[in-house]
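Remarks on the overall topology
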Amino acid sequence: MNNVLVVYWTATGNTQAMALKIAEGAKADLKEISEIAPEDALKYEKIAFGCPAMGDTFEEAEEFLEWYLQVEPGLEGKKIAIFGSFGWGSGEWMEDWTDRVGQTSAILFEEALMANEAPSSDDEDACLAFGERFAQF
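This section reports on the structure supplied with the text. (Residues numbered from 1 in each chain as written. Predicted model: local features only at pLDDT ≥ 70, side-chain atom pairs only at ≥ 80, totals over all residues. Heavy atoms only, no water.)

Some remarks on the state of the cysteines
Under the criterion given, the structure shown has 0 disulfides. For the unlinked cysteine Cys51, the closest cysteine sulfur is that of Cys127, found at 15 Å. (Disulfide = S-S within 2.5 Å.)

What follows is the structure, encoded as C-alpha cells:
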C-alpha cells in the first residue's frame, strides 16, 4: 500500500478536480469518502483531506464532517494536508478547519490549499506541486 492518501468529498466536482491533481503530484492513492472506511484511511502515514466550503464554517459540510469526525481521533502523529474549493467569501471555513487540526496532535503540512470555484490551470499546477511537496513532507 502507498503511504499517501488523498481523500475528499465534492459537491460540484471542483474539489474532486483538485484531489486528482494533488494525488497525481503525490503519487498517492485517491479515494472519495464513500470509497474508504475511516479506519482504512488511518492506515496511511500521510493523508490529504479535501472538502469544499458549504457555508461559512467547516461544520456546514455535514456529509464530510460526519466521516471526518470518525477519523479525527486517530490523527495523532499523522502528517496531514487540507484543501478545498469555495464559491463565496474568502475561504473562512478553511481557517476553521486549520484551527481544528491545530487542536489535535496531527502534523499539518503547509497552509491549506484553496481554489475559488473550478480550479484554473494555474490552480491545477499549484495542486500538482502541492501534492509533490506533500509526498516529500
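Following the structure, the description resumes.
Here we look at the side chain of Thr15
Tracing the backbone through its elements, the reader meets Thr15 in helix α1 (residues 14–26). Here Ser85 takes part through its side chain, which lies 3.0 Å from a polar atom of the side chain of Thr15. Residues within four places of Thr15 in sequence aside, it is in contact with Tyr8, Trp9, Thr10, Gly50, Cys51, Pro52, Phe83, Gly84 and Ser85. (Helix = DSSP H or I, 4+ residues; strand = E, 2+ residues; numbered from the N terminus. Polar contact = N/O pair within 3.5 Å; in protein donor to acceptor, adjacent residues only side chain to side chain. Contact = heavy atoms within 4.5 Å.)

What to know about the environment of Lys43
Along the polypeptide, Lys43 turns up in the loop between α2 (38–41) and β3 (46–50). Only 3.0 Å separates the side chain of Lys43 from the side chain of Asp40, close enough to count as a polar contact.

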